[in-house]
Amino acid sequence: QESRGLGDVYKRQVKSNPAYKNNQEIYWINGLELAQQAGNVKTTNLVLLGALSVIMDKNDHQHWLQAIEKVIPSKVRTINIEAFNLGMKALLGNY
């Protein structure tokens, strides 16, 4: 069977995921697209961290931002904070 691209692969992975069968929640966001929206695909990790922060700590994101400000160099801090916020907002829209 010929593959229809990466989207097809991802759909098969979600459907075969044991969490899906056990009625656990699975969240999907397009981290790469949101990182591009933030201005650099290298910020994909911060997009995903922003989404994870919603799952782990729905009400207080300030300590996450403080950690980012502490460890990310000032030269790229703004774009990384934007990526974090986009990931957070993406998941909050689906949460």
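Conventions we followed
- Residues numbered from 1 in each chain as written.
- Predicted model: local features only at pLDDT ≥ 70, side-chain atom pairs only at ≥ 80, totals over all residues.
- Heavy atoms only, no water.
- Helix = DSSP H or I, 4+ residues; strand = E, 2+ residues; numbered from the N terminus.
- Expected span 1.5 Å × (residues − 1).
- Buried < 20%, exposed > 50% of the residue type's maximum accessible area, 1.4 Å probe, protein only.
- Contact = heavy atoms within 4.5 Å.
- Axes fitted to C-alpha atoms, helices over the stretch in contact; angles between N-to-C directions.
- Parallel < 35°, antiparallel > 145°, perpendicular 65-115°, else oblique.
- Left-handed = near helix turned anticlockwise from the far one by under 90°.
- Core = buried A, V, L, I, M, F, W, Y, C linked by side-chain atoms within 4.5 Å.

Novice: Teacher, can you tell me more about helix α4 (residues 44-56) here?
Specialist: Because each turn of an α-helix spans 3.6 residues, side chains separated by three or four positions in sequence point in the same direction. Across its 13 residues, α4 extends 18 Å between first and last C-alpha, which sits within 8% of the 18 Å expected from 1.5 Å per residue. Of all the positions in α4, only T44, L46, V47, G50, A51, S53 and V54 are classed as buried. Against the buried residues of α4 lie α3 (31-38), α5 (62-71) and α6 (74-92).

Novice: Looking at this model, I keep getting lost on the packing of α3 against α6. Mind explaining?
Specialist: To characterise two packed helices, one gives the angle between the axes of the helices and the distance between these axes. Two elements in contact, α3 and α6, have axes separated by 9 Å at closest approach and are oriented at 135°. As summarised for this structure, α3 and α6 are arranged oblique, according to the angle between their axes. The handedness of the crossing between α3 and α6 comes out as right-handed. Judged by residue contacts, L34, Q37 and A38 of α3 engage I79, E82, A83, L86, G87 and A90 from α6.

Novice: What is the right way to look at the nonpolar core in this model?
Specialist: For soluble globular proteins, nonpolar side chains are generally found buried alongside one another. Ranked by size, the top nonpolar core spans 18 residues in total, and within it I29, V47, I68 and F84 carry the most contacts. Secondary-structure elements contributing two or more residues to this core are α3, α4, α5 and α6. With six residues, the top contributor of residues to this core is α6. Once you skip the residues sitting within four places of it in the chain, I68 turns out to touch L46, R77, I81 and F84.

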